[in-house]
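Summary of the model geometry
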Amino acid sequence: MDFVRQHEFFEKYADEIVDEFYDEVMKRGHLKGIIDENSTIERLKKTQVWYLKTLGTNVVDDDYIAGREKVGSVHAKIGVSATWYIGGYSIYLRCIRKRLRHLDPHVGFSIYEAVTKRILVDSAIILEQYIGDVMRKNVEYIENMTHASEELIQSVGQVAAIASDFANSATALAEAQGAVVESASSLSDKSTTIDAMSKFVIDIAAETKVLGLNASIEAARSGEQGRGFSVIANEIRKLAERSKKSSEEIHTSVSELVKHIGSINQQAEQTMATSEQQAASAQELSALIQGIENIATRLKQ
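Heads up: these notes are all about the structure in this document. Computed from a prediction, not measured in an experiment: that's the story for all the values here. (Residues numbered from 1 in each chain as written. Predicted model: local features only at pLDDT ≥ 70, side-chain atom pairs only at ≥ 80, totals over all residues. Heavy atoms only, no water.)

The next point concerns the overall build of the protein chain. Scanning the protein chain for helices and strands turns up seven helices and zero strands. Reading the protein chain from its N terminus to its C terminus gives the helix and strand order α-α-α-α-α-α-α. For the protein chain, buried positions account for 29% of its 301 residues. Across the protein chain, the fraction of contacts at a sequence separation of at least 24, relative to all contacts at a separation of at least 6, is 82%. As displayed, the protein chain has an accessible area near 19,400 Å², and 58% of this comes from carbon and sulfur atoms. (Helix = DSSP H or I, 4+ residues; strand = E, 2+ residues; numbered from the N terminus. Buried < 20%, exposed > 50% of the residue type's maximum accessible area, 1.4 Å probe, protein only. Contact = heavy atoms within 4.5 Å. Areas by Shrake-Rupley, 256 points an atom, 1.4 Å probe, with all protein chains shown as cover.)

Inspection of the entire model under this criterion finds five aromatic pairs. Between F21 and Y92 the ring centres are 4.1 Å apart and the planes differ by 5°, which places this aromatic pair in the stacked class. You can see F21 sitting in helix α1 (residues 2–25) and its partner Y92 sitting in helix α5 (residues 82–100), a full 71 residues away along the chain. The exposure class of F21 is buried, given its relative accessible area of 9%. Centroid distance Y51 to Y89: 6.4 Å. Interplanar angle 50°. Geometry classified as tilted. With Y51 in helix α3 (residues 41–54) and Y89 in helix α5, this residue pair connects regions lying 38 residues apart in the sequence. One exposure class covers both Y51 and Y89, and it is buried. Linked through ring pairs, F9, F10 and Y13 together constitute an aromatic cluster. A cation over an aromatic ring shows up here: R68 above the ring of Y64, its NZ or CZ 3.7 Å from the ring centre. (Phe/Tyr/Trp six-rings, centres within 6.5 Å; stacked < 30°, edge-to-face > 60°. Lys NZ or Arg CZ within 6 Å of the ring centre and 35° of its normal.)

Along the chain, R68 falls in helix α4 (residues 62–78). Here the side chain of R68 touches T54 through a polar contact of 2.8 Å, side chain to side chain. (Polar contact = N/O pair within 3.5 Å; in protein donor to acceptor, adjacent residues only side chain to side chain.)

In this section: α3. Along its 14 residues, α3 runs 20 Å from first to last C-alpha, staying within 8% of the 20 Å computed at 1.5 Å per residue. Restricting attention to buried positions, one finds in α3 the residues I41, Q48, V49, Y51, L52 and T54. (Expected span 1.5 Å × (residues − 1).)

So, about the nonpolar core. Counting 33 residues, the largest nonpolar core has F9, I17, L52 and L55 as its most contacted members. For this core, the secondary-structure elements that each account for two or more residues are α1, α2 (29–38), α3, α5 and α6 (105–222). Of all the elements, α1 adds the most residues to this core, at nine residues. (Core = buried A, V, L, I, M, F, W, Y, C linked by side-chain atoms within 4.5 Å.)

Next up on the list: the pattern of salt bridges. For the coordinates displayed, the defined rule picks out eight salt bridges. Between E20 and R99 there is a salt bridge, with its nearest N and O atoms 2.6 Å apart. Within this pair, whereas E20 is found in helix α1, its partner R99 is found in helix α5, the two being separated by 79 residues in sequence. For the pair formed by E20 and R99, the shared burial category is buried. When salt bridges with common partners are traced through the structure, they connect E16, E20, K98 and R99 into a single cluster. (Salt bridge = Lys/Arg side-chain N within 4 Å of Asp/Glu carboxyl O.)

See the structure below:
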């Protein structure tokens, strides 16, 4: 007969009790945040109405226990603490007691006593499941963190090796670029010397041409006796012309070469500066990676 009265009581007051319950719960900012993040008030109210109505049944079987265990798992999953869960039952008992005042005192006391016992059984089942899930969750979390730290250490080690190789390569490149700059500078100096020599040859060719011209004049004055000398003078002039032309071409080529060398020298200096900066950045990266590796090691410990 008590279960009939309990059933009738919750059929009449379940919705009203649940509304008052969530009016209280939503005043707690922490719980409100959990609800907003994981569900809706309407959905939760339907579930709680169902739960209250099950308190008025005399059936406690495997399905009943499984349902309570599911409640414990859900509360553990969404992060509701055991303290808040027990506090929720105290709100329910207060709301129930308030409405039992409308009944005969004997009937009201009987229902309240039965409901309290059922809630104690439910809370024991739910809390046992809750604690088990939390412990399993913590163990799983620790295992995942251990695996993650091991993978992090391994990955950091690989990145550190790559960074070290990069630093060594950048340093070697900077040294090679420095050698290129020195070679280009030396070549520029030698090109300047060649250019000066070509100018000297041009001057000699000009003087030779003048001498050949003078020799031709003197040969003309000598008549038949200077005819052979005139032929030689003409050949000297032709040689002087070719020498002058070749020297001018050498001078032009050397001038262009000097310009190209200057451009190469400038580019090499820029590349060397970039390489030095890369080497410094790689060293900073290696230091940073070493710090991350130390953190990962402490995390694993």
